[in-house]
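Each chain, written out:
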Amino acid sequence: MNFNQGLFQQQSLKLSMTQELSQAIALLQYSSQELASFLESKSLENPLISVDSSSKHDKDLDFSASFNRKKKPSTNQDAKYWIEQISEEQPSLDRHLLSQIPPSLSKEDVHILRKLIQQLDENGYLRVSKQELSDIISVPIESIETNLKVLQSMDPVGVGAYNLQECLLLQAKKIRSCSELAIIILERHFLPLAEKKWKELAKELGISLIEIQQVFDFIQTLNPRPCSAFYHEKSSYIVPDVVVEWKDQQFSIYHSDLSIPSFSLNEGYYAELKKKQDATVHQFLQEKWQEYQWIAKGIQQRKETILRVVTSISEKQPEAMIKGLSFLKPMTMKDIADQLEVHESTVSRAVKEKYILAPFGTVEMRSFFSSNLQSTDFEDVSAEQAKREIENLIKNENKQKPLSDQDIADTLKTEHGIVLSRRTVAKYRDQLGIQSSSKRKRYE
């Protein structure tokens, strides 16, 4: 065996994570808002970078694509652009309740009522006990109870309740048509009713299941969050990254840069610094110029990659792109990656937190990807299709004998050729916001 030491040459290929490559990867996965923030921060660090947030771009012909689908049906829907909504000023809950304080109340009672109103959450519930309120306001607990009754008599009905049961009871007592049975159940048997232990409840009260069903239906008409209408979050708007139009049997795809500020070279500053004879200034200028070039190239690559991905999605999912996600076919990110000859992670970064303004509306790019489910006739079936069939089955079921998850799985297999386990049916049902069969059952 030869253990001689020496110098040898060996040729090998090795992928090196350069700063330029790292920058390109980061820019690709940025959402429009993140990219805008990144450019703004870089413009503060680099004097060669000029960013104009007020600039809005038209269709960028350098980054557009189109292709024909001659046999696809036309649609009367034109591409709809978002309309900025102008929200009118809404009255606050505090102001609404304060306007109802009876003028006959003493200054002390008005003060207590104001403090009670300040303790309400956005749904109108009190989350502080009477004793704690008494300590906070420094008044006897009897005064708290007296003024709490005044608060609970105000509009909206149900305000000032401590829990859901009390909130619903306050509303029920205000409704003339409310039955005495409904009041009794709300006061004394709220938990068994909510947990659908109706057979035990019917036996205890000596009534029929149909009567309990009627009480339950009535309670469903009450508002569990009486003051939610007064709570307004600031509207958030989704600005699409790509616009897809369908006209004359053809897709037109282009970037929408409305949320991305205009990015350019500050030529005046660059020319001024270039005149300087200082070596330090020249080194600084070279570094900043290199950074500008990296970012500019990264943004261009980002646009090209996103456009290629959306074009590929449109080619593979034409019906879903035109009509909506209910026409989605099974398609994974690997399918797109293989077609574009890129890594699957590149597709994942390209669609992350990005939106398409399609002919049917604005939707997240990730929504077009769906797993391929097993079927008895070997045709491709997507998870979205399976969910749609589950929804239709439950919608048309006999409400007196609702379908169990196993019944749904069996029906999907025999009637639609979709093979799902009971657990998968339960998972999809939960995602659709549909209750289990025991809670869907009606007694009438």
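For the structure itself, look to the data block above.
Below: a short report on this structure. What you are looking at is a predicted structure, and each value in this text was computed from that prediction instead of being measured. (Residues numbered from 1 in each chain as written. Predicted model: local features only at pLDDT ≥ 70, side-chain atom pairs only at ≥ 80, totals over all residues. Heavy atoms only, no water.)

The next point concerns the overall build of the protein. Of the regular secondary structure elements, the protein holds 20 helices and nine strands. Looking at the protein as shown, the accessible area adds up to about 27000 Å², and 47% of this sits on carbon and sulfur atoms. (Helix = DSSP H or I, 4+ residues; strand = E, 2+ residues; numbered from the N terminus. Areas by Shrake-Rupley, 256 points an atom, 1.4 Å probe, with all protein chains shown as cover.)

Burial in helix H7 (residues 164-174) covers these residues: Cys-167, Leu-168, Leu-169, Leu-170, Gln-171 and Ala-172. In this fold, the buried residues of H7 make contact with helix H6 (141-152), helix H8 (180-188), helix H9 (190-194) and helix H11 (209-220). The backbone nitrogen of Gln-165 lies 3.3 Å from a side-chain oxygen of the residue at the head of H7, namely Asn-163. (Buried < 20%, exposed > 50% of the residue type's maximum accessible area, 1.4 Å probe, protein only. Contact = heavy atoms within 4.5 Å. Polar contact = N/O pair within 3.5 Å; in protein donor to acceptor, adjacent residues only side chain to side chain.)

The geometry of two aromatic rings is summed up by the distance between their centres and the angle between their planes. With the rule as written, the count across this model stands at five aromatic pairs. When the centroid spacing of 5.6 Å and the interplanar angle of 50° are considered together, the rings of Tyr-30 and Phe-38 count as tilted. The exposure class assigned to Phe-38 is buried, which follows from its relative accessible area of 12%. Connected via pairs of aromatic rings, a cluster forms that spans Phe-263, Trp-289 and Tyr-292. Sitting over the ring of Phe-216, Lys-196 keeps its end group 5.0 Å from the ring centre. The positively charged end of Lys-323 is found above the aromatic ring belonging to Phe-327, 5.0 Å away from the centroid. (Phe/Tyr/Trp six-rings, centres within 6.5 Å; stacked < 30°, edge-to-face > 60°. Lys NZ or Arg CZ within 6 Å of the ring centre and 35° of its normal.)

The subject of this paragraph is the side chain of Asp-405. Mapping Asp-405 onto the fold places it in helix H18 (residues 405-416). The exposure class of Asp-405 is buried, given its relative accessible area of 13%.

Mapped onto the secondary structure, Asp-241 falls in the loop between H11 and strand S3 (242-247). Sequence-distant contacts of Asp-241, defined by excluding residues within four places in its chain, comprise Ser-32, His-255, Ser-256, Arg-302, Glu-353, Lys-354, Tyr-355 and Met-365.

With that settled, consider the pattern of salt bridges. With the rule as written, the count across this model stands at twelve salt bridges. Close ionic contact of Lys-173 with Glu-187 constitutes a salt bridge, the shortest N to O distance being 3.5 Å. With Lys-173 in helix H7 and Glu-187 in helix H8, this residue pair connects regions lying 14 residues apart in the sequence. Arg-429 serves as the salt-bridge partner of Asp-430, at 3.5 Å between the closest nitrogen and oxygen. With a relative accessible area of 51%, Asp-430 lands in the exposed category. Through salt bridges that share partners, Lys-42, Glu-45 and Glu-291 make up one connected network. (Salt bridge = Lys/Arg side-chain N within 4 Å of Asp/Glu carboxyl O.)

Tracing the chain through its elements places Arg-114 in helix H4 (residues 107-118). When the C-alpha positions of Arg-114 and Asn-147 are compared, they lie 9.9 Å apart, and in sequence the two are 33 residues distant.

Pairs of packed helices are described in terms of their axes, by the angle between the two and the distance that separates them. Packing of helix H17 (residues 383-395) against helix H19 (residues 422-431) brings their axes to within 10 Å, and their N-to-C directions diverge by 80°. Judged by the inter-axis angle, H17 sits roughly perpendicular to H19. For the pair H17 and H19, contact is made by Ala-383, Ala-386, Lys-387, Ile-390 and Ile-394 and by Val-425, Tyr-428, Arg-429 and Gln-431, respectively. For the contact of H17 with H19, the residue count by class is six nonpolar, one polar and two charged. (Axes fitted to C-alpha atoms, helices over the stretch in contact; angles between N-to-C directions. Parallel < 35°, antiparallel > 145°, perpendicular 65-115°, else oblique. Nonpolar A, V, L, I, M, F, W, Y, C, P; charged D, E, K, R; others polar.)

Another point: the state of the cysteines. Applying the stated criterion across every chain, the model contains zero disulfides. Cysteine Cys-167 remains unbridged, with the sulfur of Cys-227 as its closest cysteine sulfur at 8.0 Å. The buried category is assigned to Cys-227, whose relative accessible area is 1%. (Disulfide = S-S within 2.5 Å.)

This brings us to the pairing of strand S7 (residues 361-364). In this structure, strand S6 (residues 355-358) lies alongside S7, joined through four bridges in antiparallel fashion. Considered in S7, the bridge of Tyr-355 is made with Glu-364. A loop of two residues connects S6 with S7, the two strands running antiparallel in sequence. (Pairing = 2+ DSSP bridges.)

What follows concerns the environment of His-189. Relative to the assigned elements, His-189 resides in the loop between H8 and H9. Residue His-189 is classed as buried on the basis of its relative accessible area of 10%. Sequence spacing of His-189 and Gln-165 is 24 residues, and the spatial spacing of their C-alpha atoms is 10.0 Å. Those residues in contact with His-189 that lie beyond four places of it in its chain are Ile-184, Leu-201, Glu-204 and Leu-205.

Right, let's get into unusual backbone geometry. Cis rather than trans, the peptide bond between Asp-155 and Pro-156 has omega equal to 0°. Topologically, Pro-156 is positioned in the loop between H6 and H7. The phi dihedral of Ser-138 falls on the positive side, at around 60°, and the residue is not glycine. As for its placement among the helices and strands, Ser-138 is situated in the loop between helix H5 (130-137) and H6. Assessed through its relative accessible area of 63%, Ser-138 is described here as exposed. One non-glycine residue, Asp-248, lies in the positive phi region at around 55°. One can find Asp-248 in the loop between S3 and strand S4 (250-255). We classify Asp-248 as exposed; its relative accessible area is 74%.

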